[in-house]
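# A structural walkthrough
Here are the chains, one letter per residue:
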Amino acid sequence: MLGLSNLRRLRVDDVAIPKVEIAAVPLDIGKDDLVEAFRQNGFSRLPVYKGTLDHPQGLVLLKDLALQHGFGASGRFSLKKLLRPVLFAPPSMPAATLLQKMQRDRVHMALVIDEYGGVDGLVTIEDLIETVIGEIDDEHDEVEGALWKEESPGVFVAQSTVALDDFEAAIGMTLRNGEDDEDIDTLGGLVFLRTGRVPVRGEIVLHESGAEFEVLEADARRIKRLRVRLPGAVAPVVTAPPDTTLSDVDG
């Protein structure tokens, strides 16, 4: 991956949340208690352990639970059948290496394992992407606190840190596409996932929907501002200066 110098200098333990803050569920949990765990924690996936967190078994996704045991579905509940694999990473692994592995294996969560094989922390793909996007105070905003503005019909200028849910609601269009985008919370994160690197200023990134993301401001470490053109948006008309006439030349 190109343009990830800030991630390359960070280790996994620089971005991981500590063990005491990990929300996880035991393998023998019942369906109702699992639903309640998702409700209380507000996450789309949870690690599953047997006995203690130091014996992880995999991940359970809220989507899988809903598809298999929601919407009036009947049948015996088995959490083991819902388990998905979880990545394991040593604390010294470069954060960029873990991000590459997550994208390659299509896994959005990793457990940090210490030298004794115990769980030491947890990292999500969004944690790593936020390291690239960062917290941006954009001096170009015309209204203090504004995260985006409509430049012309169907064309928006937005900070990379704008919440994707809020932006999708504002434009009336879904930009997330499939499971790979489930844990992406920001507009910049969405663009970063499609390039696999920090795009340069002036670069245009195409979205599957037909939308276009133009990078207005970025440096080697992070995306800062984007112009979003929705499908069907009309490009602004640039008025050419009037032609020079002979009378103009003659003075």
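Please refer to the structure higher up on the page.
The model shown is predicted, which means the values in this text are computed figures rather than measured ones. (Residues numbered from 1 in each chain as written. Predicted model: local features only at pLDDT ≥ 70, side-chain atom pairs only at ≥ 80, totals over all residues. Heavy atoms only, no water.)

### Brief notes about the overall build of the chain
Heads up, the condition is: Labels follow the DSSP assignment, with helices taken as runs of H or I lasting at least four residues and strands as runs of E lasting at least two, numbered in each case from the N terminus. Throughout, exposure labels follow a simple rule: accessible area from a 1.4 Å probe, protein chains only, divided by the maximum for the residue type, with under 20% read as buried, over 50% as exposed, and the rest as partly exposed. Whether two residues touch is decided by their heavy atoms; if any such pair falls within 4.5 Å, the residues are in contact. Exposure was quantified through the Shrake-Rupley algorithm and a 1.4 Å probe, taking into account, for residues, occlusion by the shown protein chains and nothing else.
Looking only at helices and strands, the chain features nine helices and twelve strands. Expressed as a percentage of the 251 residues in the chain, the buried residues total 43%. In the chain, of all internal contacts separated by at least 6 residues, the share reaching a separation of at least 24 is 53%. Carbon together with sulfur atoms contributes 50% to the accessible area of the chain, which is approximately 13700 Å² in total.

### Section: the pattern of salt bridges
For the record, the criterion: The term salt bridge refers to a side-chain nitrogen of Lys or Arg lying within 4 Å of a carboxyl oxygen of Asp or Glu.
The full count for this structure, using the stated rule, is 13 salt bridges. Here R176 and E168 are joined by a salt bridge, their closest N and O atoms 3.2 Å apart. On the basis of relative accessible area, E168 is assigned to the buried category, the value being 10%. In this structure, the salt-bridge partner of R229 is E214, at a minimum N-O distance of 3.0 Å. Separated by 15 residues along the polypeptide, R229 in strand 12 (residues 223–229) and E214 in strand 11 (residues 212–218) bring together distant segments of the chain. Given a relative accessible area of 23%, R229 falls into the partly exposed group.

### Describing the environment of G117
Tracing the backbone through its elements, the reader meets G117 in the loop between strand 6 (109–113) and strand 7 (119–124). Along the sequence, G117 and F88 sit 29 residues apart, while their C-alpha atoms lie 9.9 Å from each other.

### What to know about the layout of surface pockets
To be explicit about the condition: A 1.4 Å probe that fits but cannot get out identifies a cavity on a 1 Å grid over protein atoms alone, an open set with protein on both sides within 12 Å along at least five of seven lines counts as a pocket, and a residue lines either if it has an atom within 4 Å of a point. Grid points are joined across faces, edges and corners, and a volume is the space filled by probe spheres set on the points.
For the largest pocket, the calculated volume is near 360 Å³. For the lining of the largest pocket, the secondary structure elements donating two or more residues are strand 7 and helix 6 (125–133). The element best represented in the lining of the largest pocket is helix 6, accounting for three residues.

### Details of the pairing of strand 12
For clarity, the threshold we go by: Here, strands pair whenever DSSP counts at least two bridges between them.
By the criterion of burial, strand 12 is predominantly enclosed, with five of the seven residues buried. With six bridges connecting them, strand 11 and strand 12 associate as antiparallel partners. Bridge assignment links E217 to a residue of strand 12, and that residue is R225.

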